[in-house]
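The primary structure of each chain is shown beneath.
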Amino acid sequence: MEKSLQAIDFKQTAWKSCNYCSNYFFKTPREFIRHLRDKHCSVEGGSFVCQYGYNGVCSSLPLDGVSDEDYEAHLEKYHVSQSLKEVEDKWNIFSAAQNLPSVLYDPSKGRQSNIFTKKWGDSFTDRQVISASPHLPKIDWSHFEVYCRKIGKRFRRHVKINNTHQQQQQIQQNHNQPFQLRQQNDHTPSSLSPSSSISSLQILDNSNFRNIDERLLNEATIRDIPQIFLKPDLDFSKPETFSLVFNGLNFINSDADHQDLQEKLSHYLDIVEIQIAKQVSQKSSSFFHAMTSQDAIMEEMSKATANVKKLREKLRNVDDTLVRQSLNIINCERVKTNKQIVLEKLKLMATVHQTQPMIQVLLGTQDYVAALDLISTTQEILAQELSTIHCFRHLPHELKELEKIIDKMLMTEFEKYTTSDLNRPLLETDSRVLDEDKLISIISGLLRKKNFSFIDLYKDEAITTIKALIKQLVIEVIAMSDAEICLTGSGEEAQSLSLQEWILLLDTATISLLKILKRIRLIHDVMLHVTDSSAGKGMDEDLAYLNDSDTFLSMTDYNCIESKLTNMLQSVGNYCHERCANLVSNQSLEQYSGSLEEMEKLSQIVEEFCSGCEEVIGIKSIPLMTALKAQGNRFSQKFHAERKSKLNLLLDNERWKSAEVPGEIQKMVNHIAKGDFMWTKLEDHFNGPSLVTPMLMVDNEPYALVGSALILIQIVSEYCRCASHLPIIASQMSRNVVDLLRTFNSKCCQLVLGAGAVHVAGLKMITISNLALVSRALQLVLWLMPHIKNHFLKLDQNGSSTGNLMGWTTVEKDFISHIKEVELKMLSIVGQLVNSQLNNWEARPPIPSQSFRNISRHFVKLHEAIAQVLPTEQIHGVFRIVHKNFKDKLREQLVRNNIVNNGTPQHGTVISELTFYLETLRTLKAMPANELSDETMDDIWIKF
């Protein structure tokens, strides 16, 4: 029987481990199939060969290869599903999941009418769902994986040895069984004891049971009964169930059919009764064992009862002799402890009684923190320790009122201190806080009360002081003025002050405001230090006395106070900037036109005040710098309008003739070439008079210029010097210079190329000399542009001039385009003259002809017009283009007159004309000598 059970258990769990691989365990059949594919399968030409068996040969599929789908079906049928089938066909007692006697004799069920119609198994009795215990952990397969892999090999070895041992015991038992039965049959029933009689009766019953229809027992099993009778939900009231059991039964059937059905059901009943009887007979040994062990249990119970009585008697003696006296000692100790508690409470009451006099003493010494701590501690004691004492019932209310009085006292003292500190005279050596110990005590008390409004109070008082200070300064400036001025509003609206008086007022105001800001910063630092100490952030020597008390500020309160202090300091600083900005605003200075020196002084005052404020309050303030920049922009606009108007007037009156160059202009250009725009006439005042030169030397290159171009250099230098003195308007000045140069370029184009000078300046005509001077002036501006642009880029502090680079690039392109247009205009004039002469030319004597004489005369005039103005390279370029145009026009004339280089008289005439032409160019040195050889004229002939 044990072998059968082991075989069933092994077959049902065969897929959980591999029989031929150690340490392989699987949770699901699918994992087992995957293992068979990986370790026990070979693929040959697309066919799968199973190798799960001894020596790598499967007993079901030894050598044949199958497809993938067939191989999957083979694994399911022979290695997985086969393992799940039951091995033993017959049902036996060990297949049961319930105890049959306990089910049959359950007193709670009473008489059960359907006991013989139920199918025996785990569902024979009603199930009760038992919930999982909350004290037990949930165990799954992962908890046993390590253990199973560790002892897997040992377990299989143990099973093998155990199976061998059981087989040996079974063989020995079978060998001894006939002898035992023979001994039992030799005894008579009369000679047996009661217990022996029961055993003999049981053996006899078993023998009789084996003799009852041995053939039926061996052939009929529970499997012969249809499954419908074994279902737990068998219900004949359902039509489908009734039709299955009594299939084909109706009133038409004969009695023979009814008899057959009855015999069949009786046969099923006999099978069930036989199986039940078999189980009852097999349980007879359990009944005998229960009868024999009952007397022993009763005897042990009697002994246990006697022992319990003896133990209770001993416990009673121990209680009388040892326990009661010890309990009396504990009671006395409890009485002593209670009396000590009463004594401590009386001492505490005496201490609380002295609270109010002690608070008065502490307030007299201005130790507000200690007084507030004493009040807080007393309130805690009254609430926790003395809450039931009737004589102190009014004390908490009195302490609360006293705390409010201290709070008002602190605010009054702080307001008095603030007023006296902010309104005392401003001294240069004012670097210490007035009565610092008193201030620390007041602030500590306010922080202890969590009254943070003193910061806003100090900010308001500081702003009021600043208002009064500025008004007083305005009154002092007005008192020094001779004019009658009416002071209104906040004090800075008096519009009748002169520009010098406004600058003096601003200078005095900024100095005084910096002093008052430094004083406010000292108070701010004291407040911050006290706050740090109160929050445990660090201790100062002046705050060492606070070490005796606990820190009482939370991090939330500390962050709030720190934020309010920073906001207070920055707000006061910004307010100072706003008041000063009103002094520098457009309303204050709009009626005056300040000079560069005055604007520089104003800028210096503002920048010093802004840097001082930034050092004190820690941030940059915008209002004052914005007001200064607005005033600077107005100054730059006026400055630019005056210079632009001056330039336009000069250009309108320009005669477009070469002007002499003063020595100051030459020195200025020399400094500009070094990147220095700060040179003025005053620097060269003691060096004697400067020499006047006919041309301006720029990088060792002569420039013949008109007077307006020389004035333009001075004007541009003034722009650059102004930007150096006032960097705040450097970007605006840069844009103004670009606009000025663009105006100069467009005005030159209108007056010369557009012939506007004929009407404005009274010129008879625009000559090539005028065009050359314009071109040279434009070239000088192109030379100036990089120096001017670099100067403004150096002055750029915030990168604001970077946006002007596009303007510089555009105006530079405009100048280059204008220069090309001037050259094209000169070439157009000469080209028209040459073309008119060649149109009337014929290849015949005299030589040189009048046309070539006129062409040579025009070239001589062209050279005389540009030789003293343009550089040699540019002269060569002009004549090179004129020469090219001449050859192109001459080639057309030769083709038109059908003249070729064939040695005819006409050919000789042309050669003579060209010799005269080239000799004229060589005499003028209009181009390099290698470009004026006779061979250079060969390309005028058309090659056939």
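Above this text sits the structure in question.
For clarity, every value in this text was computed on a predicted model and none was experimentally measured.

Trainee: What should I look at first to understand the overall build of the protein chain in this one?
Mentor: Along the backbone of the protein chain there are 29 helices and four strands. For the protein chain, buried positions account for 36% of its 944 residues. As displayed, the protein chain offers around 56400 Å² of accessible surface, 54% of which is attributable to carbon and sulfur atoms.

Trainee: It is not clear to me how the pairing of strand S2 (residues 47-50) should be interpreted in this structure. Could you clarify?
Mentor: Across a regular strand the side chains alternate sides, sitting on one face of the sheet and then on the other. In this sheet, S2 lies alongside strand S1 (residues 41-44) in antiparallel orientation, the contact comprising four bridges. The partner of Val43 across the bridge, within S2, is Phe48. Hairpin connection from S1 to S2: two residues lie between these consecutive antiparallel strands, with Gly45 at a positive phi of about 60°.

Trainee: Explain the environment of Met625 here, please?
Mentor: Locating Met625 in the fold gives a position in helix H20 (residues 623-652). Considering only alpha carbons, one finds Met625 and Cys610, 15 residues apart in sequence, at a separation of 7.8 Å. Residues in contact with Met625, not counting those within four places in the same chain, are Val606, Cys610 and Ile728.

Trainee: Sorry if this is basic, but what is going on with the packing of aromatic side chains here?
Mentor: The description of two aromatic rings rests on the distance between their centres and on the angle between their planes. Tallied over the full model, the rule gives 13 aromatic pairs. Residues Phe26 and Phe32 carry aromatic rings whose centres are separated by 5.6 Å and whose planes lie at 65° to one another, so their mutual orientation is edge-to-face. Seen in terms of ring centroids, Phe859 and Phe879 are 6.1 Å apart; in terms of plane orientation they differ by 90°. Their pairing is edge-to-face. Of this pair, Phe859 sits in helix H27 (residues 850-866) while Phe879 sits in helix H28 (residues 872-896), placing them 20 residues apart in sequence. The exposure class of Phe879 is buried, given its relative accessible area of 1%. One aromatic cluster is present, formed by Trp841, Phe852, Phe859, Phe879, Phe886 and Tyr917 through successive ring pairs. Directly above the aromatic system of Phe48 lies the positively charged group of Arg37, at a separation of 5.6 Å from the ring centroid. In this arrangement the basic side chain of Arg643 is found over the ring face of Phe639, its NZ or CZ atom lying 3.7 Å from the centre.

Trainee: In this structure, what is going on with helix H29 (residues 905-924)? I would like to understand it.
Mentor: Because each turn of an α-helix spans 3.6 residues, side chains separated by three or four positions end up pointing in the same direction. Spanning 20 residues, H29 covers 29 Å between terminal C-alpha atoms, matching the ideal 28 Å at 1.5 Å per step. Within H29 the residues assigned to the buried category are His907, Thr909, Val910, Glu913, Leu914, Tyr917, Leu918, Thr920, Leu921 and Leu924. Buried residues in H29, looked at end-on, bunch into an arc of 165°, giving them a common side. Summarising the geometry of H29, the exposed residues directed more than 90 degrees from the buried face are Pro905 and Thr923. Taken together, the buried residues of H29 touch H27 and H28. Directly beyond the C-terminal end of H29, a positive phi value near 55° is found at Lys925.

Trainee: Quick question: what am I supposed to make of the nonpolar core here?
Mentor: Considering soluble globular proteins, one finds that nonpolar side chains tend to be buried as a cluster. Ranked by internal contacts, the top residues of the largest apolar core, which has 185 residues, are Leu696 and Ile866. Residues within four places of Ile866 in sequence aside, it is in contact with Ile768, Ala772, Met826, Ile875, Val878 and Phe879. Counting 17 residues, the second largest nonpolar core, distinct from the first, contains Trp15, Cys18, Cys21 and Phe26.

Trainee: Before we go on, may I ask you to explain a positive patch on the surface in this structure?
Mentor: Residues Lys150, Lys153, Arg154 and Arg157 make up a contiguous surface patch of positive charge. Mapped onto the secondary structure, Lys153 falls in helix H5 (residues 145-186).

Trainee: Honestly, unusual backbone geometry in this entry has me stumped. Any pointers?
Mentor: One can expect most non-glycine residues to show negative phi and most peptide bonds to be in trans. Looking along the chain, the bond that leaves Pro845 and enters Pro846 is cis, with omega of 0°. For Pro846, the position within the fold is in the loop between helix H26 (805-839) and H27. The step from Ile847 to Pro848 runs through a cis peptide bond, and the omega angle for that step is -5°. Here Pro848 is to be found in the loop between H26 and H27. Notably, Asp699 is not glycine yet its phi reads approximately 50°, a positive angle.

Trainee: Would you explain the packing of helix H16 (residues 499-534) against helix H17 (residues 555-584) in this entry?
Mentor: Two measures define how a pair of helices packs: the angle their axes make with one another and the distance between the axes. Where H16 contacts H17, the two axes come as close as 10 Å, and the packing angle between them is 175°. Compared by their axis directions, H16 and H17 come out roughly antiparallel. Considering only residue class, the contact of H16 with H17 consists of 19 nonpolar, five polar and three charged.

Trainee: Where do I start with the side chain of Thr909 in this structure?
Mentor: Here Thr909 shows up in helix H29. The exposure class assigned to Thr909 is buried, which follows from its relative accessible area of 8%. With sequence-adjacent residues up to four places away left out, Thr909 is seen in contact with Ala843, Arg844 and Ile847.

Trainee: Sorry, what's going on with H27 here?
Mentor: When the terminal C-alpha atoms of H27 are compared, their 25 Å separation across 17 residues agrees well with the 24 Å that a helix rising 1.5 Å per residue should span. When H27 is considered as a whole, its buried residues turn out to be Ser851, Phe852, Asn854, Ile855, Ser856, His858, Phe859, Leu862, His863, Ala865 and Ile866. Structurally, H27 contributes buried residues whose contacts are with helix H25 (768-795), H26, H28 and H29.

Trainee: Looking at this structure, I do not really get the environment of Ile816. What am I missing?
Mentor: By the element assignment, Ile816 lies in helix H26. Along the primary structure Ile816 and Leu782 are separated by 34 residues, whereas in three dimensions their C-alpha atoms are 8.0 Å apart.

Cut-off values and rules
- Residues numbered from 1 in each chain as written.
- Predicted model: local features only at pLDDT ≥ 70, side-chain atom pairs only at ≥ 80, totals over all residues.
- Heavy atoms only, no water.
- Helix = DSSP H or I, 4+ residues; strand = E, 2+ residues; numbered from the N terminus.
- Buried < 20%, exposed > 50% of the residue type's maximum accessible area, 1.4 Å probe, protein only.
- Areas by Shrake-Rupley, 256 points an atom, 1.4 Å probe, with all protein chains shown as cover.
- Pairing = 2+ DSSP bridges.
- Contact = heavy atoms within 4.5 Å.
- Phe/Tyr/Trp six-rings, centres within 6.5 Å; stacked < 30°, edge-to-face > 60°.
- Lys NZ or Arg CZ within 6 Å of the ring centre and 35° of its normal.
- Expected span 1.5 Å × (residues − 1).
- Arc of directions from axis to C-beta.
- Core = buried A, V, L, I, M, F, W, Y, C linked by side-chain atoms within 4.5 Å.
- Patch = residues over 30% accessible without salt bridge, like charges linked within 9 Å, V, L, I, M, F, W, Y side chains within 5 Å.
- Salt bridge = Lys/Arg side-chain N within 4 Å of Asp/Glu carboxyl O.
- Lys, Arg positive; Asp, Glu negative; His and termini not counted.
- Charge placed at Lys NZ, Arg CZ, Asp CG, Glu CD.
- Axes fitted to C-alpha atoms, helices over the stretch in contact; angles between N-to-C directions.
- Parallel < 35°, antiparallel > 145°, perpendicular 65-115°, else oblique.
- Nonpolar A, V, L, I, M, F, W, Y, C, P; charged D, E, K, R; others polar.

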